[in-house]
Amino acid sequence: MRLLASTGPLFARPLDWALGVIAEAGYDGAELMVTQDPATQDAERVRHASTQEGIPVPVVHGPFLLLTRRVFGTDLVQKAQRSIELAGALDADVMIVHPPFRWQRDFHRYLLEEGNTDAAAVGTRIGVENLYPVSVVGRPVRFHRYTLAEHLEPFDHVVLDTSHFGVAEADICHAYELLRQRAVHLHVSDNRGGGRDSHAPLGHGMLPLARFLHLVAADAAAGAVDEISITLELDCRRYLDDRAALVGYLRQEREKCLALLGGASAEEVLGRPDVVEVAPSALEDDADQPTVPPLLG
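Quantities reported herein were computed from a predicted structural model and do not represent experimental measurements.

Novice: Provide a residue-level description of the side chain of His185, including the pertinent values.
Specialist: Mapped onto the fold, His185 is located in strand S9 (residues 183-188). Polar contacts involving the side chain of His185 include one to the side chain of Glu31, which spans 3.1 Å. If near-sequence neighbours (up to four positions away) are discounted, His185 is found in contact with Leu4, Glu31, Val59, Ile96, Val158, Val159, Leu160, Ile228, Ser229, Ile230 and Thr231.

This is the structure:
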C-alpha cells in the first residue's frame with residue numbers, strides 16, 4: 001500500500017522543491033495537484049522534477065478547485081480530458097476529479113458515460129472525489145451532486161476524502177465499507193468539526209481514523225480489495241517558511257498513519273480515544289501543535 005503526500009498544500013512553492021520535501025519526509029510518492037504553475041501542467045517538466053528529486057508521481061489531481069478554475073480551460077469536459085492526457089503521460093494510476101455541481105449536466109454525463117473509456121485508453125482511471133455541503137447563512141447547502149457515500153455509487157472508481165466526509169457529518173467507516181470495491185484512492189486527514197474542511201493533522205480532530213485505517217489495512221492484507229493508495233492531504237501553511245519543520249511535520253504524520261495501518265490504537269498513536277465529542281485541538285492556543293511527540297523510526 002503506497003503512502004503519498006500531496007503537492008497541493010505546497011502550491012506556493014516550486015514543484016521540484018515540493019517534491020523534494022515529500023521525498024525527504026519518506027513518502028512512497030507524491031500526488032500532483034495541477035495548479036496555475038506551468039511546471040505542474042507539463043508532463044515533461046513533471047517527469048524531470050520527479051526524476052531529479054527521486055520520487056514517483058502515481059496520482060494526478062486535476063485542476064478542479066476554485067483557484068484553478070481557468071487552468072486547462074473553463075470547459076469541464078475538456079479540462080478532464082487534458083488532465084487524463086497528463087496522467088497518462090506520467091503513467092499515473094488515477095486522475096482525480098471533483099464531482100459536478102448540480103447544474104453541470106454535460107460534465108456529469110461525461111463522467112458517467114465516456115470518461116472511463118478515455119482514461120483507459122491512456123492507462124489510467126478517473127477517480128471521483130466526494131465533496132461536501134457549503135454553509136449558506138448558517139445552513140448546509142449541497143451544490144455538488146456527490147457528498148455522501150451512497151451518492152458516489154454510480155461511479156466505477158471513487159476517491160474518499162475523510163475531511164470532506166467530516167464536513168458532511170458522514171461516517172467515514174460506513175463510507176469505506178459501502179464503497180470499498182470502488183475506492184481506488186484515499187485522502188486522509190482529520191477534521192475538527194464546525195462545518196469546515198480543516199484537513200487537520202491526524203489526532204487533531206474528531207474522525208475515527210484508527211478504525212478507518214484498520215479497516216483499510218485488513219482489507220489489503222486479506223486481498224479483499226484491489227490495490228489502493230493513500231494521500232495524506234494536510235494543511236501545511238504553518239510550516240511553509242521552515243523547510244526542516246515542514247519535513248518533520250510530514251514525516252510525523254506519515255509515521256502516525258503507518259502505525260495506525262499497522263494496527264496500533266488511537267490512544268497509542270494519536271494521544272486520544274478514537275471517538276471524541278470535541279476535537280482535542282479546539283481548546284489549544286495553537287491548533288497545529290502535535291498532540292503527542294513524533295514517533296520514532
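Novice: Talk me through the nonpolar core; I want residue IDs and the actual numbers.
Specialist: Judged by nonpolar contacts, the single largest core of 83 residues is most densely connected at Leu32, Val60, Leu160, Phe212, Leu232, Leu246 and Leu250. Among residues more than four places away in sequence, those in contact with Leu250 are Val21, Ala25, Tyr27, Leu234 and Cys236.

Novice: Go over the sheet that holds strand S8 (residues 158-161), please, and point to the residues and values.
Specialist: The strand order around the closed barrel formed by 8 strands is S1-S2-S3-S4-S5-S8-S9-S10, and the pairing between neighbours is parallel. Across this sheet, the average inter-strand angle for adjacent strands is 30°, counted without regard to direction. Looking at chain direction, S8 and S9 are connected through 4 bridges and run parallel. Of the residues in S9, the one forming a bridge with Leu160 is Leu186. Across the sheet, helix H8 (residues 209-222) is in contact with S9 and strand S10 (229-232); its angle to S9 comes to roughly 155°.

Novice: Before we move on, could you go through the packing of helix H1 (residues 15-24) against helix H2 (residues 43-53) and cite the residues and values that matter?
Specialist: Contact geometry for H1 and H2: axes closest at 9 Å, N-to-C directions at 35°. Considering only the axes of H1 and H2, their crossing is right-handed. Between H1 and H2, the contacting residues are Leu15, Asp16, Leu19, Gly20 and Ala23 on the first element and Val46, Ala49, Ser50, Gln52 and Glu53 on the second. Here the contact of H1 with H2 is composed, by residue class, of 5 nonpolar, 3 polar and 2 charged.

What counts and what doesn't
- Residues numbered from 1 in each chain as written.
- Predicted model: local features only at pLDDT ≥ 70, side-chain atom pairs only at ≥ 80, totals over all residues.
- Heavy atoms only, no water.
- Helix = DSSP H or I, 4+ residues; strand = E, 2+ residues; numbered from the N terminus.
- Polar contact = N/O pair within 3.5 Å; in protein donor to acceptor, adjacent residues only side chain to side chain.
- Contact = heavy atoms within 4.5 Å.
- Core = buried A, V, L, I, M, F, W, Y, C linked by side-chain atoms within 4.5 Å.
- Buried < 20%, exposed > 50% of the residue type's maximum accessible area, 1.4 Å probe, protein only.
- Pairing = 2+ DSSP bridges.
- Axes fitted to C-alpha atoms, helices over the stretch in contact; angles between N-to-C directions.
- Left-handed = near helix turned anticlockwise from the far one by under 90°.
- Nonpolar A, V, L, I, M, F, W, Y, C, P; charged D, E, K, R; others polar.

These results come straight from atomic positions and should not be treated as a statement about function.
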